[in-house]
Amino acid sequence: MKFKLCSMAVLTAALLLQGCGGSGGLVSNADKDKNPLNPAPGTEDPTARPRPSDTALTITTSDSTIYDAAKKPLLLRGIDMQLGAGAAVTNTRINGIKAIKETGSNVVRLYITEETTDPQLETALVKVVEQGLVAIVTLDSAKLACSSNGAALNSAVDTLWLKKWIAVIAQDRFQPHLIINIANAWGPEGIFNPDSFGYQDYLDAYKAMINKFRTAGFKVPLAIDAPCGQDFNAFARDRGRQLLVADSAKNIILSVQADGAKWNTTTRTTLAFSNLMETRLPFVVSSFAGSGVGGLSGIDHVDIMQKGAGNQAIELNLPWLTTNDSAAYIATFPQSIPLLDGAGVSTNLYLDARYLEEQPISDADGRRVPKGKLTFAMYVKDESGNALRAGSIQAKDLRGYQWNRVAFTLPKSNSEIDPANLLNGATSFDLNKVKQVGFEILANGKGADIKAPIKLDDVEIYPGAPEPTLAVESTFNSGDSGWSNAGWGGTSNAVFADGQMKIALSGGAWGAVVQSPAWQSQEVTPKINFKQNVFVDFKVFVPSAYAGQTPQIKVFGNFGSDWSINTEAFASVAGGVKYGEWNNFRATLKWSETADVSTPQNIGFQVSGISENPDPLLIDTITITQQPGKRTKTVTALQYESKFSKDTETYAQAWGRLSTVEMVNGELHITPKWLDDKGAPSNDVVVLKEDINSITDIDVSGPVIYKVRIFVPASYAGSNLQFRIFTQDNNWGHDKDFPDRVLTIDDFKPGEWTSFEFTTDNFPDGFARTQKLRHFGFRWEGVNGNTDTVKIDDIQLYGNIEVEDSQPLYSNDFGTQEEVDSVKFDFSGGAFTQSALVSAKTKSWKIAPFGWLAYSWFGNTGENEVLNITNTEDKVDLTERGEEVVNGEFGIDATSLPVNFK
């Protein structure tokens, strides 16, 4: 949706809507007018260990909102700073805190280490107080980051926080400024599964640490970092609330770090923030990277900042009463619009997972699959009030606790309208005069006891794409259709018979060239704009005799009176060549903007990559088309990656087949035992990624690219190896192999690494391609008893997603109350009444405003130098990144609000 920010008042109102020390410092106080530790410390706690006063003001939290010491909503905006230790803590560095304040920040995150002394910490906190900032004080230790070592965490709290530094952090003057971030990124790495039980040790350890701080008298907020900083799933399924329940002060802030492959697209950040909102606890993005750092792992910091300003949606709290209830809402366009040529209607839909109604497959099979009956539909109305359903989808085909893009395509013309899709008694519909768009939510048999809010955002309509212009079609039904042997580039005998072009290689020929002057025709040339892409499609039958050889078919075009303007492109076939079958090839020809294409000459094929064979290649139905005004584009995105840099990433033996699965030197090593879990011999090896069902990024609804490197031992040479790389759909019912077949030993280089890349859009009928995957892994047989190790590395899965590439004809992002009010009750079914449905619709948050801090102020080197906010440690001397973070549209200066400390 569009992000809107009108003034500081907007964020203030948003926060209101969202939320509806000891005496004596460690430095001499002889000259308080010059002493950098002013204001004066509070009264020292009389107990053996310094404690804050019970009456000391602090930052507090309630529900999902943070409040300052004056109980005003607090939206954190600031910058990370490595305070460090020893000689690094100079006056210049301390003065950087003042410069951070001058950017407009209201918070600084101070990274301290085990070596940071108590005077150094106190000096920094005094500067924080002087400047009127909040300080998130963070213990940054290589021993704790991405670690599950509870003893190390316990020791850090006992010996550092509550011993070495307690005389500083317990001072009353610091309490209204202080948030304690116990340990930077402590917690297990590589779980990232909202349904995992693997977070319990992490939670239990932090519950104990929370209790230690509260027993020591601290009431300030405790910021709990997600495991490895990035794993927001640790707080899902009410786990975050376990921390709150364990806290006697009820003052917990969840802390996440936006970096890495789980945060590197806007879809993934939306998923993260949606899941954090489900915790109903305050959270802060305590650091974010960006600025191109990290390649595929780099994140878009501007996207984080935009979302931090808040993103609104419409919420429906439907009062379900019966299994037949339904509710429909509609919005009216300013004027009628034509929706021809397959116009698209879409929205983003957020469902509570309860609507998915996961149930066991059977009494005997406890595996759970979604059975949700709830149905979401979209429809349009013409000027006469006739209604036409664009499409519908059931909850069982959607994903819970995340935003689902739901899109439908309207008929291309009135003549293509299916009468079954006409609603409410309509007998006709005029796509030339569409006046309204609506959506309907139907119980469709869902029990009335399943109730939860439903959210929508970004209702949009995009123009259709006209049919391609057919410029040339060669069917060979009556001869050669203008095609002939070129007489160069190899020896070929193209024969035109039986409605086909037959190409046979002979005489040791390495290839064949055929061509046609087809687009010289005065009837054809006006149909093609050679400044735009031209698509050449043709069918090729590849005889089984060519198995193991891949025909390379290059399509070329010649222009200019001297034939000097040329273009060429290799044709491809989705899913790879199938032998003994017809294959659909396509080539896309492109010309430079400056090329003179006013004089078209020939178009031709050059066939290579195959040896002499008496069985001819058969070519049929060559078409040359152009797609005008295409409204979509294909984006290929990395959806999943395993590099095994830390551990096995949950790959493990499966289905009772025993193997040793371990990470060795950044590789996945699998050593078969050829036994099952009962000690009996087994005939195969099965290794699966145990948490694949939790990876919400994977979307196989379109073509996918699978990449992997595999090492099979030299002892496999000459074996009958049958190796499967496969996945299974969420319904446990359909398997898909990458590639579309089983691999044999001929596909590998025994004793060496083999790199594979498979592209496919060929999934079994019934495969639940819109849902998450159930299994993902490897299975092999044919080498029984061989216990040599197979190695796997660098697994990547890419998905091609088609997105709109034109401006919408209509868009409602619900950014204002007026836009929410424009969606009105239309009709209902079952026990629903109009009055109940009118009040069920409210303005809500897709992403509520949240606090953030940018990484980091100064001192980054090497490839991370670009992350610096300033060029000068103690001055506001902004880098390019710093300008975006501080002065950008959604930056610190535009969105930071003042903080009260008394």
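In the block above lies the structure referred to throughout.
Residues numbered from 1 in each chain as written. Predicted model: local features only at pLDDT ≥ 70, side-chain atom pairs only at ≥ 80, totals over all residues. Heavy atoms only, no water.

Novice: Would you explain the overall build of the protein in this entry?
Specialist: If you tally the helices and strands in the protein, you get 13 helices and 48 strands. Within the protein, buried positions represent 55% of all 902 residues. Element-wise, carbon and sulfur atoms account for 48% of the exposed surface of the protein, whose accessible area totals about 36,400 Å². (Helix = DSSP H or I, 4+ residues; strand = E, 2+ residues; numbered from the N terminus. Buried < 20%, exposed > 50% of the residue type's maximum accessible area, 1.4 Å probe, protein only. Areas by Shrake-Rupley, 256 points an atom, 1.4 Å probe, with all protein chains shown as cover.)

Novice: Help me understand the side chain of Asn-251 in this model?
Specialist: Within the secondary structure, Asn-251 sits in the loop between α7 (239-245) and β8 (252-258). Discounting residues that sit within four places of it in the chain, Asn-251 has contacts with Thr-58, Ile-59, Thr-60, Thr-61, Arg-214, Lys-219, Val-220, Pro-221, Leu-222 and Leu-244. (Contact = heavy atoms within 4.5 Å.)

Novice: How should the pairing of strand β32 (residues 617-626) be read in this particular structure?
Specialist: Residues in a regular strand point their side chains to alternate faces of the sheet. Within β32, nine of the 10 residues are buried, which leaves the element mostly enclosed by the surrounding structure. The sheet contact formed by strand β21 (residues 469-474) and β32 spans five bridges and is antiparallel. Within β32, the residue paired with Thr-469 across the bridge is Gln-626. One ladder, built from six bridges, connects strand β26 (residues 534-542) with β32; its direction is antiparallel. Counted as the bridge partner of Asp-537 is Thr-623 from β32. (Pairing = 2+ DSSP bridges.)

Novice: Can you help me understand the packing of helix α8 (residues 266-278) against helix α9 (residues 301-308) in this one?
Specialist: How two helices pack is summed up by the angle between their axes together with the distance between the axes. It is the contact of α8 with α9, at a shortest axis distance of 10 Å, that shows an interaxial angle of 40°. What the angle tells us is that α8 and α9 run oblique. The handedness of the crossing between α8 and α9 is right-handed. Across the interface between the two elements, Thr-266, Thr-269, Thr-270 and Phe-273 of α8 pack against Asp-303, Ile-304 and Lys-307 of α9. Considering only residue class, the contact of α8 with α9 consists of two nonpolar, three polar and two charged. (Axes fitted to C-alpha atoms, helices over the stretch in contact; angles between N-to-C directions. Parallel < 35°, antiparallel > 145°, perpendicular 65-115°, else oblique. Left-handed = near helix turned anticlockwise from the far one by under 90°. Nonpolar A, V, L, I, M, F, W, Y, C, P; charged D, E, K, R; others polar.)

Novice: Looking at this model, I keep getting lost on empty space enclosed by the protein. Mind explaining?
Specialist: Empty pockets left among the atoms are what a rolling probe the size of a water molecule brings to light. By volume, the largest cavity amounts to about 50 Å³. Lining the largest cavity are Tyr-329, Ile-330, Ala-331, Val-437, Gly-438, Phe-439, Val-459, Tyr-810, Asn-812, Phe-814 and Val-823. When the residues that make up the lining of the largest cavity are grouped by side-chain class, the tally is nine nonpolar, two polar and no charged. By volume, the second largest cavity amounts to about 40 Å³. Together, Pro-52, Ser-53, Asp-54, Ala-56, Thr-58, Gln-175, Gly-217, Lys-219 and Val-220 line the second largest cavity. Residue classes in the lining of the second largest cavity are distributed as three nonpolar, four polar and two charged. (1 Å grid on protein atoms, 1.4 Å probe; cavity = no way out; pocket = protein on both sides within 12 Å on 5 of 7 lines; lining within 4 Å. Points joined across faces, edges and corners; volume = space filled by probe spheres on them.)

Novice: In this structure, what is going on with the pairing of strand β20 (residues 454-462)? I would like to understand it.
Specialist: Burial within β20 is extensive, with nine of its nine residues counted as buried. Two strands pair when backbone bridges link them, and strand β10 (residues 311-316) and β20 are joined in this way by three bridges, in the antiparallel orientation. Note that in β20 the partner of Ile-314 across the bridge is Leu-456. Note that β20 and strand β45 (residues 810-812) share three bridges and pair antiparallel. Paired with Ile-461 across the bridge in β45 is Tyr-810.

Novice: How should I be thinking about the nonpolar core in this particular structure?
Specialist: What tends to happen in soluble globular proteins is that the nonpolar side chains get buried as a cluster. Core analysis: the largest hydrophobic core is formed by 87 residues, its most contacted members being Trp-161, Ile-180, Ile-182, Tyr-206, Phe-218 and Phe-288. Broken down by element, the residue count for this core peaks at seven residues, all from helix α6 (residues 200-215). Not counting the four nearest positions on each side in its chain, Ile-182 is found in contact with Leu-139, Leu-153, Val-157, Trp-161, Tyr-206, Met-209, Phe-213, Ala-223 and Ile-224. Counting residues in each nonpolar core, the second largest holds 50 residues, with Ala-390, Val-434, Val-437 and Ile-454 among its members. (Core = buried A, V, L, I, M, F, W, Y, C linked by side-chain atoms within 4.5 Å.)

Novice: Would you mind showing me how to read the sheet that holds strand β18 (residues 422-423) here?
Specialist: Two pairing modes exist for strands in a sheet, parallel and antiparallel, and in both the strands are linked by backbone hydrogen bonds. The antiparallel open sheet is built from six strands, whose spatial order is β18-β16-β15-β19-β11-β46. A strand with exactly one partner marks an edge of an open sheet, and here the two such strands are β18 and β46 (824-829). Here strand β15 (residues 375-382) pairs with strand β16 (residues 387-394) via seven bridges, running antiparallel. Bridge pairing in β16 places Thr-375 opposite Gln-394.

Novice: Which parts of the structure should I look at to understand the sheet that holds strand β6 (residues 178-181)?
Specialist: Pairing is parallel around the closed barrel formed by eight strands, whose spatial order is β3-β4-β5-β6-β7-β8-β9-β48. On average, each strand axis in the sheet is tilted by 30° relative to the strand beside it, whichever way the strands run. As defined by bridge partners, β6 adjoins strand β7 (residues 222-225) across two bridges and the pair is classed as parallel. The residue of β7 that forms the bridge with Ile-180 is Leu-222.

Novice: How do you make sense of the side chain of Asp-684 when you look at a structure like this?
Specialist: Inspection of the secondary structure puts Asp-684 in strand β37 (residues 684-689). Looking at Asp-684, the relative accessible area reads 7%, which means it is buried. Of note is the side chain of Asp-684, whose polar atom sits 2.8 Å from the side chain of Arg-657. Only 2.8 Å separates the side chain of Asp-684 from the side chain of Arg-779, close enough to count as a polar contact. If sequence neighbours within four positions are ignored, Asp-684 has contacts with Arg-657, Trp-674, Arg-779, Trp-780 and Glu-781. (Polar contact = N/O pair within 3.5 Å; in protein donor to acceptor, adjacent residues only side chain to side chain.)

Novice: Can you walk me through the pattern of salt bridges in this structure?
Specialist: Any two side chains of opposite charge can pair, given that their charged atoms come close. Under the counting rule described, the total for this entry stands at 36 salt bridges. As a salt-bridge pair, Lys-307 and Asp-303 come within 2.5 Å of each other at their nearest N and O atoms. Note that Lys-307 and Asp-303 are positioned in helix α9 at a spacing of four residues, about one turn of the helix. Judged by relative accessible area, which is 2%, Lys-307 ranks as buried. The residue Glu-641 makes a salt bridge to Lys-643 at a minimum N-O spacing of 3.6 Å. Overall, the relative accessible area of 23% leaves Glu-641 in the partly exposed class. For Lys-643, a relative accessible area of 41% gives the class partly exposed. Taken together, the shared-partner salt bridges connect Glu-641, Lys-643, Arg-709, Asp-793 and Asp-794 into one network. (Salt bridge = Lys/Arg side-chain N within 4 Å of Asp/Glu carboxyl O.)

Novice: It is not clear to me how the state of the cysteines should be interpreted in this structure. Could you clarify?
Specialist: Disulfides are covalent bonds that link the sulfur atoms of two cysteine residues. All told, the structure shown has one disulfide when counted by the stated rule. The side chain of Cys-146 participates in a disulfide bridge whose partner is Cys-228; the two sulfur atoms lie 1.9 Å from each other. For the disulfide bridge between Cys-146 and Cys-228, the dihedral angle about the S-S bond is near 105°, and by the sign convention the bridge is right-handed. You can see Cys-146 sitting in the loop between β5 (134-139) and α4 (150-164) and its partner Cys-228 sitting in the loop between β7 and α7, a full 82 residues away along the chain. Classification of Cys-146 as partly exposed rests on a relative accessible area of 31%. (Disulfide = S-S within 2.5 Å.)

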